[in-house]
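Working through the structure, step by step
Spelled out, the chains give:
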Amino acid sequence: MPTATLHLDALSRARAALREFPLYAQVESALGAEHAEVVSLLLLASVDLMMPEQRSMVNMLTGLLPGDSPLAAELTNLRAQIVALWDHARDLA
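Okay, so let's go over this structure. A quick note: this is a predicted structure, and the numbers were derived from the prediction, not measured.

**Thoughts on the overall build of the protein chain**
Tallying secondary structure elements over the protein chain gives five helices and zero strands in all. Reading the protein chain from its N terminus to its C terminus gives the helix and strand order α-α-α-α-α. With the C-alpha coordinates aligned to their principal axes, the bounding extent of the protein chain is approximately 40 × 35 × 25 Å. Relative to its 93 residues, the protein chain shows a buried fraction of 24%. Pairs at least 24 residues apart make up 50% of the contacts formed inside the protein chain by residues separated by at least 6 positions.

If you want it as structure tokens, here you go:
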């Protein structure tokens, strides 16, 4: 769990940015507040793995994310972790 003040501040800003997306509101409505953040993050992080129609729908609900936003940085890290996990799973198969 991160403890550095700068990292905690960046996470707080990223969470606030995530909650502003229409995608977050729809996920929260469908699954509840308890799961909305993690499901929204996973959807955004895995958008490149989706079929074009699915990707288009998610992008419509999020718009373009500024590259310098704290949320973009968190998504970049999460995407790298997903790719590493996927690669590791393939190596085990």
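**Examining the side chain of Ser40**
Tracing the backbone through its elements, the reader meets Ser40 in helix α3 (residues 33-45). Among the residues examined, Ser40 registers a relative accessible area of 0% and is labelled buried.

**Let's talk about the side chain of Glu37**
Inspection of the secondary structure assignment puts Glu37 in helix α3. What Glu37 contacts, discounting residues up to four positions off in sequence, is Arg15, Leu18, Arg19 and Tyr24.

**Topic: the environment of Ala16**
Among the structural elements, Ala16 can be located in helix α1 (residues 5-19). Given the relative accessible area of 38%, Ala16 is considered partly exposed. With 23 residues separating them in the primary sequence, Ala16 and Val39 have C-alpha atoms 15 Å apart.

**Focus on the nonpolar core**
Core analysis: the biggest nonpolar cluster contains 15 residues, and Leu18, Phe21, Leu23, Leu44, Val58, Leu71 and Leu75 have the highest contact counts within it. Of all the secondary-structure elements, those providing two or more residues to this core are α1, α2 (22-31), α3, α4 (52-62) and α5 (70-92). Excluding residues within four positions of it along the chain, Leu44 makes contact with Leu18, Phe21, Leu23, Val58, Thr62, Leu75 and Arg79.

**Quick word on the packing of α1 against α5**
At a minimum axis distance of 7 Å, the contact between α1 and α5 shows a crossing angle of 100 degrees. Taken as axis vectors, α1 and α5 run roughly perpendicular relative to one another. Contacts between α1 and α5 involve His7, Ala10, Leu11, Arg13, Ala14, Ala17 and Leu18 on the former and, on the latter, Pro70, Leu71 and Glu74. Partitioning the contact of α1 with α5 into residue classes produces seven nonpolar, one polar and two charged.

**Looking at α2**
Within α2 the residues assigned to the buried category are Leu23, Tyr24 and Val27. Looking straight down α2, one finds that the buried residues subtend no more than 95 degrees of arc, so they occupy a single side. The elements touched by buried residues of α2 are α1, α3 and α4. A positive phi of about 95 degrees marks Gly32, the residue just after α2.

**Comments concerning α5**
With 23 residues, α5 extends 33 Å from end C-alpha to end C-alpha; this agrees with the ideal 33 Å at 1.5 Å per step. Of the positions making up α5, those classed as buried are Leu71, Ala72 and Leu75. Buried-residue contacts for α5 involve α1 and α3.

Basis of the calculations
Residues numbered from 1 in each chain as written. Predicted model: local features only at pLDDT ≥ 70, side-chain atom pairs only at ≥ 80, totals over all residues. Heavy atoms only, no water. Helix = DSSP H or I, 4+ residues; strand = E, 2+ residues; numbered from the N terminus. Buried < 20%, exposed > 50% of the residue type's maximum accessible area, 1.4 Å probe, protein only. Contact = heavy atoms within 4.5 Å. Core = buried A, V, L, I, M, F, W, Y, C linked by side-chain atoms within 4.5 Å. Axes fitted to C-alpha atoms, helices over the stretch in contact; angles between N-to-C directions. Parallel < 35°, antiparallel > 145°, perpendicular 65-115°, else oblique. Nonpolar A, V, L, I, M, F, W, Y, C, P; charged D, E, K, R; others polar. Arc of directions from axis to C-beta. Expected span 1.5 Å × (residues − 1).

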